Amino acid sequence: TRASTATGAIQFPQGFLWGSATASYQIEGAVAEGGRTPSIWDTFSHTPGRVDRGDTGDVAVDHYHRFREDVALMAELGLTSYRFSVAWPRITPQVTPDELGPVNAEGIAFYSDLVDELLAHGISPSITLYHWDLPQALEDAGGWTERRTAERFAEYAEAVAAALGDRVPLFITLNEPWCSAYLGYASGVHAPGRTDGAAALAAVHHLNLAHGLATVAIRRAAPAARVALTLNLAWVRPERPDAPLDVDAARRVDGLQNRVFLDPVLQGRYPADVQADTAGVTDWSFVQDGDLDVISARIDALGVNYYTPTWVRHWTRERPKENADGHGDGAATPWIACDDVEFPLQHGPKTDMGWSIDPRGLTELLLRVAAEAPGLELLVTENGAAFPDEVGPDGRIADTDRIEYLRGHLAAVHAAIEAGAPVTGYYVWSLLDNFEWAWGYAKRFGIVHVDYETQVRTPKDSAHFYAEVIRHNGLPG
Ligand code: PNW
């Protein structure tokens, strides 16, 4: 049955999940409460020079104390699902590389109360188990370069699933392992701030392994729950499709961003070209017998995060590298063995991140994954835009640019569904303005404005727009 009506309105399938997403360190604050110990983001944000203006998540938007107010807001907007992450250091604050340590009842209680509050408002919780707040004690022993981190992660995931799995229908193991591995260990713009390509590739594998081990552990602890993985896949385009060197650059970027995560999970193997391209950096001896069987454990859904397309071009030393992705230049790059690749600047509209706006990429990515993993359910677990807010004299925030961004990308999701991609939900990033990692509070992604002095929440026009979308289960014609 077609999902569109004849009037030009766009109608989503019945039961489509309408959500918004957040992450623990970006919103919770209360970093020293409830028995929580430091994560790598506490250490990183408190290291001078790492985060814009020295911002930290110490207070953030105080969600730890205001979660009931925030759930009431979600209910007002009509959200049917909410994706949030659990802070690992709240759950097992004493974890060491060799031992998980005791499960902290206060940590479990916070998330249990949040889950109950959501369910009481008819909102379905989707839990991300790792959105980048690794316990610092594990980083001190090597972090994701260390195999034992993956083993401890699976035990932590099992503890959360055992405590909440009776009420939580979906667990997402990892959020964007691309960021954790390459921004954390190669370019160093995210915690723990290391700049070592070999370490980053070891991190890629141990994150994949962590996902696989956790998938098995969650199924054991919570047989009724579904398990997913969220990737930030890139729609990679060669700037000159007829230039073989641009096409080869696109192949390598696609390998490092997409296939090094998709192939092991979906097919149980690492892409041979990526292993060959990076042979000068690492011998991949961190991959042990049996690992790929674990990593390819069946998942119930794949989460796709999409913000912007990735245009690539072969680079020669005649002029400075262009750097439209914000990562390609400088001494440290996340792009291993891609010294001859640049990210050409694009014309056209951009968000406050400098990310160009092109909803086609979202359609293309969803269709690609649908073709590669026939029948696998897909979720858009993040999509959204940062724009500077103009608070009007009446206190209203008329973020028409964000509304247009969302409208275009919702149409793109719908186009993918029409073309056969089994997409069952969409989560706006983000519910609230929050701590935007290396950018601190300078970038605002929320559909709800937060005054960082008073912690007052004000729904922007985009929140009202989204509420209308949810009410209609689609976009009015
Ligand atoms: C994602 N990059 O992060 C995260 O999942 C969110 O926590 C974050 O707030 C959101 O997107 C907006 O940035 C990314 O630099 C952070 O390529 C940085 C990059 C990509 C994703």
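All residue numbers refer to positions counted from 1 along the written sequence of the respective chain. Given that the model is predicted, a residue must reach a pLDDT of at least 70 before its local features are reported, and side-chain atom pairs must reach 80 or more before they are shown or counted; all residues, however, enter totals for whole chains, interfaces and linings. Just so you know, side-chain values use all the structure's heavy atoms and leave hydrogens and water out.

**Q** Please explain the overall build of the chain as it appears in this structure.
**A** The helix and strand tally for the chain stands at 15 helices and 15 strands. In terms of overall dimensions, the chain has a C-alpha envelope of 55 × 55 × 50 Å along the principal axes. Of all 477 residues assigned to the chain, the portion counted as buried reaches 60%. In this description, contact between two residues means that some pair of their heavy atoms is separated by no more than 4.5 Å. Partitioning the intrachain contacts of the chain with sequence separation of at least 6 by distance along the chain shows that 77% fall at a separation of at least 24. Helix and strand assignments follow DSSP, with helices taken as H or I runs no shorter than four residues and strands as E runs no shorter than two, numbered in order from the N terminus. Three labels apply to residues, based on accessible area from a 1.4 Å probe with only protein chains included: buried if under 20% of the type maximum, exposed if over 50%, partly exposed otherwise in between.

**Q** Quick question: what am I supposed to make of the environment of isoleucine 397 here?
**A** Looking at the secondary structure, you find isoleucine 397 in the loop between strand S11 (377–383) and helix H14 (400–418). For isoleucine 397 and aspartate 461, which are 64 residues apart along the polypeptide, the C-alpha to C-alpha distance reads 6.0 Å. Setting aside residues no more than four positions away along its own chain, isoleucine 397 makes contact with Asp389, Glu390, Val391, His449, Thr458, Lys460 and Asp461.

**Q** Could you clarify how one ought to interpret the side chain of serine 112 in this entry?
**A** Within the element layout of this structure, serine 112 appears in helix H5 (residues 105–120). Classification of serine 112 as buried rests on a relative accessible area of 14%.

**Q** Can you help me understand the packing of aromatic side chains in this one?
**A** Two aromatic rings are characterised by how far apart their centres lie and by the angle between their planes. Aromatic pairs are defined between Phe, Tyr and Trp rings, using the six-membered ring for Trp, whenever the two ring centres lie within 6.5 Å; interplanar angles under 30 degrees are classed as stacked, those over 60 as edge-to-face, and all others as tilted. Considering all chains together, one arrives at 35 aromatic pairs under this definition. Centroid distance phenylalanine 67 to phenylalanine 110: 5.5 Å. Interplanar angle 85 degrees. Geometry classified as edge-to-face. Note that phenylalanine 67 is positioned in helix H3 (residues 63–77) and phenylalanine 110 in helix H5, a separation of 43 residues in sequence. With relative accessibility at 9%, the residue phenylalanine 67 sits in the buried group. Of the residues examined, phenylalanine 110 reaches a relative accessible area of 6% and is grouped as buried. The interplanar angle of 5 degrees and the centroid separation of 6.4 Å between the aromatic rings of phenylalanine 84 and tyrosine 111 together place this pair among those described as stacked. On the criterion of sequence distance, the pair formed by phenylalanine 84 in strand S3 (residues 81–85) and tyrosine 111 in helix H5 is long-range, its members being 27 residues apart. A relative accessible area of 2% means that phenylalanine 84 is categorised as buried. Tyrosine 111 gets classed as buried once you look at its relative accessible area, which sits at 1%. These aromatic residues form a ring-pair network of at least three members: Tyr25, Trp41, Phe44, Trp132, Phe435, Trp437, Tyr441 and Tyr452.

**Q** I'm lost on the packing of helix H8 (residues 177–185) against helix H10 (residues 244–267) in this one. Help?
**A** Pairs of packed helices are described in terms of their axes, by the angle between the two and the distance that separates them. Axis definition: a line fitted to C-alpha atoms, over the contacting stretch in the case of helices. Angles run 0 to 180 degrees between N-to-C directions. Where H8 contacts H10, the two axes come as close as 10 Å, and the packing angle between them is 130 degrees. Regarding the angle of H8 to H10, the classification is oblique. Note that H8 runs across H10; the crossing there is right-handed. Packed against H8, whose contacting residues are Pro177, Trp178 and Tyr182, the element H10 presents Leu256, Gln257, Val260 and Phe261 at the interface. Polarity classes work like this: nonpolar for Ala, Val, Leu, Ile, Met, Phe, Trp, Tyr, Cys and Pro, charged for Asp, Glu, Lys and Arg, and polar for all others, with Gly in that last group. Per-class residue counts for the contact of H8 with H10 are six nonpolar, one polar and no charged. Any angle between 65 and 115 degrees counts as roughly perpendicular, while under 35 counts as roughly parallel, over 145 as roughly antiparallel, and the rest as oblique. In this scheme, a crossing is called left-handed if the near helix is turned counterclockwise away from the far one by less than a right angle; it is called right-handed if the turn is clockwise.

**Q** Which parts of the structure should I look at to understand the site of the ligand?
**A** The criterion for a residue being near a molecule or strand is simple. One of its heavy atoms has to lie within 4 Å of it. What surrounds the ligand is a group of 17 residues, the closest being Gln26, His131, His327, Glu382 and Glu436. Pairs of N or O atoms within 3.5 Å make up the polar contacts considered here, provided that, within protein, one atom can donate a hydrogen while the other can accept it, and that residues adjacent in sequence are counted only when both atoms are side-chain atoms. Measuring from an oxygen atom of the ligand, one finds a side-chain N or O atom of asparagine 175 at 2.9 Å. Between an oxygen atom of the ligand and a side-chain N or O atom of tyrosine 307, the distance comes to 3.3 Å. For accessible areas, the Shrake-Rupley method is used with a probe of radius 1.4 Å. Any residue's cover is judged against the shown protein chains and nothing else. Coverage of the ligand by the protein chains reaches 91% of its 440 Å² of free accessible surface. If you tally residues by element for the shell around the ligand, the top one is H8, at three residues.

**Q** What is the right way to read the sheet that holds strand S5 (residues 170–175) from this model?
**A** Read around the closed barrel, eight strands run S2-S3-S4-S5-S6-S8-S11-S12, paired in parallel fashion. When strand polarity is set aside, the average angle formed by the axes of neighbouring strands in this sheet is 25 degrees. Whether two strands pair depends on DSSP finding at least two bridges between them. In this structure, strand S8 (residues 301–305) lies alongside S11, joined through five bridges in parallel fashion. By the bridge assignment for S11, valine 304 is matched with valine 380.

**Q** So what exactly am I meant to see when it comes to the side chain of serine 81 here?
**A** Inspection of the secondary structure assignment puts serine 81 in strand S3. Note on serine 81: relative accessible area 0%, which makes it buried.

**Q** Any chance you could explain the packing of helix H9 (residues 197–221) against H10 here in plain terms?
**A** At a minimum axis distance of 10 Å, the contact between H9 and H10 shows a crossing angle of 35 degrees. Viewed along their axes, H9 and H10 form a crossing whose handedness is right-handed. Between H9, through Leu201, Val204, Asn208 and His211, and H10, the contact on the second element is made entirely by Leu256, Val260, Phe261, Pro264 and Val265. Residue composition of the contact of H9 with H10, grouped by class: seven nonpolar, two polar and no charged.

**Q** Whenever I open this one, the environment of leucine 367 confuses me. Can you help?
**A** Mapped onto the secondary structure, leucine 367 falls in helix H13 (residues 360–372). Residue leucine 367 is classed as partly exposed on the basis of its relative accessible area, which comes to 26%. Along the backbone, leucine 367 and proline 422 are 55 residues apart, and their C-alpha atoms lie at a distance of 9.1 Å. Not counting the four nearest positions on each side in its chain, leucine 367 is found in contact with Ala416, Ala419 and Ala421.

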